Amino acid sequence: MPKNVDDEIEVEEEAEEEELGTHVEFDIATYPSDLTLSVIHDMWMDKDITIPSFQRNFVWNIKQSSLLIESFLLGLPVPQVFFYIDSENKNLVIDGQQRIMSVVYFFEGYFGPENMQGRRAVFRLSGLSEGSPYAGKKFSDLTTQEQRKLKGAVLRAVNIKQLAPANQSTSMFHIFERLNTGGTPLKAQEIRNCVFHGALVDSLHEANEDADWRTILGRKPLDRHQRDVEMILRIFAMSERGSEYEKPMKEFLNQQMRNHIKGKSAAKGEKFVERFGEVTAAIVAQLDPKPFHVRGPLNLAAMDSVMAVLIRNSAKIPKDLKTRYAKLVADDDYRKAIFFNTSDPKEVEERLKLAHKHLIS
């Protein structure tokens, strides 16, 4: 199926083989828990179970949820759910949101969240076979014995907790990425936004709406899979930690998000957004339209090196930026660093060094 140009930004592809053979290893504890539905409901009410914001909204219809509830009442097997146990011992749902929320809603007696008018539909078991003894019933309509059976029904949870490395809690990204296979799978930045939720997420989205940034991209609509947000994260990571870069790029960006989870990092994100705006304004004022579309589609390596260097030196952006940039992109060594093996640490170091040499020195 051809891509809808209104949905995604066209980017010059970076060589996939640069990422192959590089992997991240974790020491992870995985253990099962057989939780009764009553316990799951109590955990939800006590906020011990959390639906991360990277999860899509509740999407099941009432028939799907009703069939699940009937399965519990009939004693039929139900697929397990996956919890990620975070540093505060909260259970973040990696997989199983629809099942968990169906149980919660049925116990509450109302199906789904409130509508625009603040109303909720009564949850009556719907779409069951005509002979089902539970068809059309609310939880309160069940007999005491049936209610007790449902409350005591078991849903198995697979609990996942990262033990090591203690200072690199990025395993949840990789776990969710591998489990995220149904429907339309989420892309990398969509997963990061909550796996590493914090002030940086808001800062990145604020920067993404910068008018000059949209001009640089040559595209006003926001990318539906947040590729544009990921580009800003990459620029931020290179401006702050470019000298520490190690591949794969995906993990480098994960670590950047992780580093800014805590509130104390909010000021750094806000400062970045301020400098980001200064740099995008200078680029739009001095360079040709879509300056990083070096040989067709947008070149991420040219973008990350130039913008990272300018953000580091936002107080010293030269008045002859256009002339300097033309010399930079004509430099054979720089072109090698933005066209070949672009995620190799040596090439990242080289293009950052050359960008500083031509643009600032």
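In this report, we go over the structure that sits alongside the text. Owing to the predicted nature of the structure, the values given are computational and were not obtained by experimental measurement. Sequence order as written defines residue numbering, which begins from 1 separately in each chain. In keeping with the predicted nature of the model, local features appear solely for residues at pLDDT of at least 70, side-chain atom pairs appear and are counted solely at 80 or more, and the whole-chain, interface and lining totals rest on all residues. Excluding hydrogens and water, the side-chain values take into account all heavy atoms of the structure.

Some thoughts on a negative patch on the surface
Then step 1. Each patch is built from residues lacking any salt bridge and having more than 30% relative accessible area; the joining distance is 9 Å for like charges and 5 Å for nonpolar side chains (Val, Leu, Ile, Met, Phe, Trp, Tyr). Only the protein chains shown count as cover for residues, and all accessible areas are computed by the Shrake-Rupley method using a 1.4 Å probe. A pair is scored as a salt bridge if a Lys or Arg side-chain nitrogen falls within 4 Å of a carboxyl oxygen belonging to Asp or Glu. Charged residues are defined here as Lys and Arg on the positive side and Asp and Glu on the negative side; His and the ends of the chain fall outside this count. We put the charge of a Lys on NZ, of an Arg on CZ, of an Asp on CG and of a Glu on CD. On the surface, a cluster of negative charge is contributed by D202, E206, E209 and E270.
Then step 2. Starting at the N terminus, helices and strands are each numbered in turn, a helix being any DSSP run of H or I of at least four residues and a strand any DSSP run of E of at least two. Tracing the backbone shows E209 in the loop between α7 (199–208) and α8 (211–217).

Topic: the pattern of salt bridges
Then step 1. Tallied over the entire structure, the rule returns 17 salt bridges.
Then step 2. For D288, the salt bridge identified is with K322, shortest N-O distance 3.0 Å. Taken together, the residues span a long stretch of sequence, with D288 in the loop between α11 (266–286) and α12 (300–312) and K322 in helix α13 (residues 321–330) at a distance of 34 residues.
Then step 3. Using a relative accessible area of 43% as the deciding quantity, one classes K322 as partly exposed.
Then step 4. A single network of salt bridges, built from pairs that share partners, joins R124, K138 and D141. Each residue is placed in one exposure class: buried if its accessible area under a 1.4 Å probe, protein chains only, is under 20% of its type's maximum, exposed if it is over 50%, and partly exposed if it falls in between.

A look at the packing of helix α2 (residues 62–74) against helix α3 (residues 97–108)
Then step 1. An axis is simply a line fitted to the C-alpha atoms; with a helix, the fit covers only the stretch in contact. Between two such axes, the angle follows the N-to-C directions and lies from 0 to 180 degrees. Two elements in contact, α2 and α3, have axes separated by 10 Å at closest approach and are oriented at 80°. Classified by the angle between their axes, α2 and α3 sit roughly perpendicular to one another. Across the interface between the two elements, S65, L68, I69 and F72 of α2 pack against R99, S102, V103 and F106 of α3.
Then step 2. Residues are grouped as follows: Ala, Val, Leu, Ile, Met, Phe, Trp, Tyr, Cys and Pro are nonpolar; Asp, Glu, Lys and Arg are charged; all remaining types, including Gly, are polar. Across the contact of α2 with α3, the residue classes tally to five nonpolar, two polar and one charged. Working definition: roughly parallel below 35 degrees, roughly antiparallel above 145 degrees, roughly perpendicular at 65 to 115 degrees, and oblique for all remaining angles. Throughout, a contact is declared for two residues whenever any of their heavy atoms are within 4.5 Å.

Quick notes on helix α9 (residues 227–241)
Note that an α-helix has 3.6 residues per turn; residues three or four places apart therefore point the same way.
Then step 1. The length a helix should cover is 1.5 Å for every residue beyond the first. Under the 1.5 Å per step criterion, the end-to-end length of α9 is 20 Å for 15 residues, consistent within 8% with the ideal 21 Å.
Then step 2. Taking burial as the measure, the 15 residues of α9 include 13 buried ones, the bulk of the element.

Looking at the packing of aromatic side chains
Then step 1. For Phe, Tyr and Trp, where Trp contributes only its six-membered ring, two rings pair if their centres lie within 6.5 Å, and the inter-plane angle classes them as stacked under 30 degrees, edge-to-face over 60, or tilted in between. All told, the structure shown has twelve aromatic pairs when counted by the stated rule.
Then step 2. Taken together, a centroid distance of 5.1 Å and an interplanar angle of 90° make the contact between F58 and Y105 edge-to-face. Of the two residues, F58 sits in the loop between β2 (49–50) and α2 while Y105 sits in helix α3, which places them 47 residues apart along the sequence. By the burial criterion, F58 is buried, and Y105 matches it.
Then step 3. Arranged with centres 5.6 Å apart and planes meeting at 70°, the rings of F58 and F111 form a pair that is edge-to-face. Of this pair, F58 sits in the loop between β2 and α2 while F111 sits in strand β5 (residues 110–111), and the two are 53 residues apart along the sequence.
Then step 4. What makes F58 buried here is its relative accessible area of 16%.
Then step 5. Through successive ring pairs, a cluster of aromatic residues spans F58, Y105, F106, F107, F111, F123 and F139.
Then step 6. A ring is scored as having a charge over it whenever the NZ atom of a lysine or the CZ atom of an arginine sits within 6 Å of its centre and within 35 degrees of its normal. A cation over an aromatic ring shows up here: R295 above the ring of F339, its NZ or CZ 3.8 Å from the ring centre.

Focus: the nonpolar core
Then step 1. Within the largest apolar cluster, 59 residues are counted, with the highest numbers of intra-cluster contacts made by W213, F276, F292, M303, M307, L310 and L359.
Then step 2. Aside from chain neighbours lying at most four places away, what touches M303 is W213, I216, L217, M231, I235, F292, L298 and A308.
Then step 3. Working definition of a nonpolar core: buried Ala, Val, Leu, Ile, Met, Phe, Trp, Tyr and Cys residues. They are joined through side-chain atoms within 4.5 Å. One finds L35, L37, M101 and L155 within the second-largest nonpolar core, a separate group that totals 33 residues.

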